[in-house]
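Listed here are the chains, written in short residue letters.
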Amino acid sequence: MSKRLPPADLPNMAAALRAGRAEMLNFTSGLTDDEWTAPSAAAGWRIADVVAHIGATARSFYTPAGLRTIFATNLEQGNEDPVDRRRDWSRAKVMAEYQRAGRRATTLLDAVRRTPAARVRVPLAELGRHPMGLMIAGALVFDHHTHLRHDMAPALGRPVPPTDADRMRAVLTWMIAVLSNQVAQVPVAGLDARVALTLTGPGGGTWWFDEAGALAPSTGAVAAHVTAPALTFPDWGTQRSSWRDSDVTLTGDTELAARFLDAVNVI
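Conventions used here
Residues numbered from 1 in each chain as written. Predicted model: local features only at pLDDT ≥ 70, side-chain atom pairs only at ≥ 80, totals over all residues. Heavy atoms only, no water. Buried < 20%, exposed > 50% of the residue type's maximum accessible area, 1.4 Å probe, protein only. Helix = DSSP H or I, 4+ residues; strand = E, 2+ residues; numbered from the N terminus. Pairing = 2+ DSSP bridges. Axes fitted to C-alpha atoms, helices over the stretch in contact; angles between N-to-C directions. Contact = heavy atoms within 4.5 Å. 1 Å grid on protein atoms, 1.4 Å probe; cavity = no way out; pocket = protein on both sides within 12 Å on 5 of 7 lines; lining within 4 Å. Points joined across faces, edges and corners; volume = space filled by probe spheres on them. Nonpolar A, V, L, I, M, F, W, Y, C, P; charged D, E, K, R; others polar. Parallel < 35°, antiparallel > 145°, perpendicular 65-115°, else oblique.

## Looking at the pairing of strand E4 (residues 205-210)
In terms of burial, E4 is largely enclosed, as five of its six residues are buried. In this sheet, E4 lies alongside strand E3 (residues 195-200) in antiparallel orientation, the contact comprising five bridges. Of the residues in E4, the one forming a bridge with Ala-196 is Trp-208. Between E3 and E4, which pair antiparallel and follow one another directly, the connecting turn spans four residues, one of which, Gly-201, has a positive phi of 100 degrees.

So, in structure tokens, the structure goes:
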């Protein structure tokens, strides 16, 4: 019998968040003013807007503004509104908020993860409910990792920064948690037969999916198996690219696996 996903490793996720923040500060400090205002790969957002988005997201975890995100009906629109309000901010003001909000959110995570509050499940727009500790750590590590490596560095023609197993594990833990809720809310036809997803390399692992969401693998059969490098999942798993153009291998019921992958779109 399969079991639900294990609790997140919050100490390692907190360390991953610190590493991601340090890397973002190092990257942005080397940008020219032209690069700061250049388009990113995120549609409609400049590099400045991406940084403003991450700062606003961090701030939402400890201010009343976060309630707007919790009860939003559309997270993507909920992300656009704070960016719109910051478009005319100076570079210095955007960076000051990013640094202050990131520091306070990290302090909050350190406090929460040591208490029962870390396990309290709270809503996040249409992404369902998540344990509070995972939501703070996972969302922020995911944002830092994905925006820097897929929206900022490539758009500027700069080298994509390397990552490590702890940060990748934090990113994947959050993405699988979000995907689990999405699958449970909008089931994929035939998924009662189960699909296994194996992501190889740093931070990787194997997860099973059925119509109720994600499962930790144990015994029993799966109808299809999807295998891909962990490093590519934040790209095609957010539909920044197509899984069909990525190094993704399908075995077993490939039609079911394809239907499942077509539904994967982690916000």
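Here the narrative resumes, following the displayed structure.
## Describing the sheet that holds E4
The pairing of strands in a sheet comes from backbone hydrogen bonds and takes either a parallel or an antiparallel form. Read from one edge of the open sheet, five strands run E5-E4-E3-E6-E7, paired in mixed fashion. Here the strands that pair on one side only, and so sit at the sheet edges, are strand E5 (213-215) and strand E7 (249-252). Shown here is a sheet whose adjacent strand axes are inclined to one another by a mean of 25 degrees, direction ignored. In the packing of helix H10 (residues 254-263) onto the sheet, the strands contacted are E3, E4, strand E6 (224-229) and E7, and the crossing angle to E7 comes to about 135 degrees.

## Some words on empty space enclosed by the protein
Applying the stated criterion across every chain, the model contains two cavities of 30 Å³ or more. Approximately 40 Å³ is the volume found for the largest cavity. Ala-16, Gly-20, Glu-23, Val-141, His-144, His-145, Arg-149, Arg-167 and Val-171 together form the lining of the largest cavity. When the residues that make up the lining of the largest cavity are grouped by side-chain class, the tally is three nonpolar, three polar and three charged. Every residue lining the second largest cavity is listed: Leu-17, Arg-21, Ile-54, Ala-58, Tyr-98, Gly-102, Ala-105, Thr-106, Leu-140 and His-144. Elements with a minimum of two residues in the lining of the second largest cavity: helix H1 (10-29), helix H3 (47-60), helix H6 (91-112) and helix H7 (132-156).

## Looking at the packing of H1 against H6
Between two packed helices, the angle of one axis relative to the other and the distance separating the axes together describe the packing. Where H1 meets H6, the closest approach of the two axes is 10 Å, and the angle between their N-to-C directions is 170 degrees. In this view, H1 runs roughly antiparallel relative to H6, as classed from their interaxial angle. Of H6, the residues touching H1 (which contributes Ala-14, Leu-17, Arg-18, Gly-20, Arg-21, Met-24, Leu-25, Thr-28 and Ser-29) are Arg-91, Met-95, Tyr-98, Gln-99, Gly-102, Arg-103, Thr-106, Leu-109 and Asp-110. Partitioning the contact of H1 with H6 into residue classes produces seven nonpolar, six polar and five charged.

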